[in-house]
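These are the residues of each chain, in order.
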Amino acid sequence: MRIDFLTVLPEMFESPLGCSILKRAQNKGLVEFAVHNLRDYTTNKHRKVDDYPFGGEAGMVMQIEPIDRCISALKAERDYDEVIFTSPDGEMFNQPMANQMSMLGNIIILCGHYKGIDYRIREHFITKEVSIGDYVLTGGEIPAIIIADAIVRLIPGAIGDEQSALSDSFQDNLLAPPVYTRPAEYKGWRVPDILLSGHEAKIAQWRYDQALERTRRLRPDLLD
Ligand code: ADE
């Protein structure tokens, strides 16, 4: 898989893509990331990529030309399955969407900024608009990194124990059950006896019951 990020803040990607699972997945050759500074694609001598909105609203709007030039240069090199735009008015990102995206080959993620982007970009280049929640962030970079993290960890081999991605919260519309590690007792607080019993079937039943109970209590909407 390859993910191309289009941004005016390329430095925001350095640490998240350079640590932990995302770094390991790149080193293992499972994913390739490329971060493109939209200012490198403008013909403006001051490297400006935004301008005032027609009709006189407040705020600046990202211009079509640098984005067109960047996307066209990328598409000349390879085919893309999706051109995603991060925006609070997009489709809500969730685990099923992450699962589906993890099976794609090449994707572009355009990070929105300022007041918005020239609407012609959304009409002519974008194939999918994604929101990470009903709140407004200052830009689409953090949403783009969140989307990349959620999908790359699902690529087989990205996380050590493949079973653990399947048992994540949300994978079966249930929150994950509690987990514990040594010591079995700390300051008098004991790990549930069942987990120390060695009865695999009973432990699996306990985990399922706990997942169901936590989902009913914390996220009943997932059971609808
Ligand atoms: N850009 C600003 N806010 C956002 C959000 N909630 N989701 C995706 N992109 C955004």
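All values derive from a computational prediction rather than experimental measurement.

Asker: Sorry if this is basic, but what is going on with the site of the ligand here?
Answerer: Within the structure, the ligand sits among Thr-86, Ser-87, Pro-88, Val-130, Ser-131, Ile-132, Gly-133, Tyr-135, Val-136, Leu-137, Gly-139 and Pro-143. One of the backbone nitrogen or oxygen atoms of Leu-137 is found 3.0 Å away from a nitrogen atom of the ligand. Among the elements of the structure, β5 (82-92) and β8 (128-131) are those that each provide at least two residues to the shell around the ligand. Looking at the shell around the ligand element by element, the count peaks at three residues for β5. For the shell around the ligand, the residue count by class is seven nonpolar, five polar and no charged.

Asker: So what exactly am I meant to see when it comes to the domain arrangement of the protein here?
Answerer: By convention, interface size is frequently given as the accessible area that disappears when the constituent parts associate. Splitting the protein by domain gives domain 1 (2-152) and domain 2 (167-223). The distance between the C-alpha centroids of domain 1 and domain 2 comes to 37 Å.

Asker: Before we go on, may I ask you to explain the nonpolar core in this structure?
Answerer: For soluble globular proteins, nonpolar side chains are generally found buried alongside one another. Ranked by internal contacts, the top residues of the largest apolar core, which has 31 residues, are Ile-3, Phe-5, Phe-33, Phe-93, Met-101, Ile-151 and Val-152. Listed by contribution, the elements that provide at least two residues to this core are β1 (2-7), α2 (20-27), α4 (95-101), β6 (106-111) and α6 (141-152). In terms of residue count, the dominant contributor to this core is α6 (seven residues). Not counting residues up to four positions away in its chain, the partners in contact with Val-152 are Ile-3, Leu-22, Ala-25, Val-31, Phe-33 and Ala-158.

Asker: Which parts of the structure should I look at to understand the sheet that holds strand β2 (residues 32-37)?
Answerer: The strands that make up a sheet pair up through hydrogen bonds in the backbone, lying either parallel or antiparallel. A sheet is described by the order of its strands in space; here five strands give the open sequence β2-β1-β6-β5-β8, paired in parallel fashion. The sheet is open, and its two borders are formed by β2 and β8, each paired with just one other strand. Taken over all neighbouring pairs, the strand axes of this sheet differ in orientation by 30 degrees on average, direction set aside. Where β1 meets β2, six bridges bridge the pair, whose relative direction is parallel. By the bridge assignment, Leu-6 is partnered in β2 with His-36. Along the sheet, helix α3 (residues 64-77) makes contact with β1, β2, β5 and β6, crossing β1 at roughly 165 degrees.

Cut-offs applied
- Residues numbered from 1 in each chain as written.
- Predicted model: local features only at pLDDT ≥ 70, side-chain atom pairs only at ≥ 80, totals over all residues.
- Heavy atoms only, no water.
- Near = heavy atom within 4 Å.
- Polar contact = N/O pair within 3.5 Å; in protein donor to acceptor, adjacent residues only side chain to side chain.
- Helix = DSSP H or I, 4+ residues; strand = E, 2+ residues; numbered from the N terminus.
- Nonpolar A, V, L, I, M, F, W, Y, C, P; charged D, E, K, R; others polar.
- Domains from an automatic or database assignment.
- Core = buried A, V, L, I, M, F, W, Y, C linked by side-chain atoms within 4.5 Å.
- Buried < 20%, exposed > 50% of the residue type's maximum accessible area, 1.4 Å probe, protein only.
- Contact = heavy atoms within 4.5 Å.
- Pairing = 2+ DSSP bridges.
- Axes fitted to C-alpha atoms, helices over the stretch in contact; angles between N-to-C directions.

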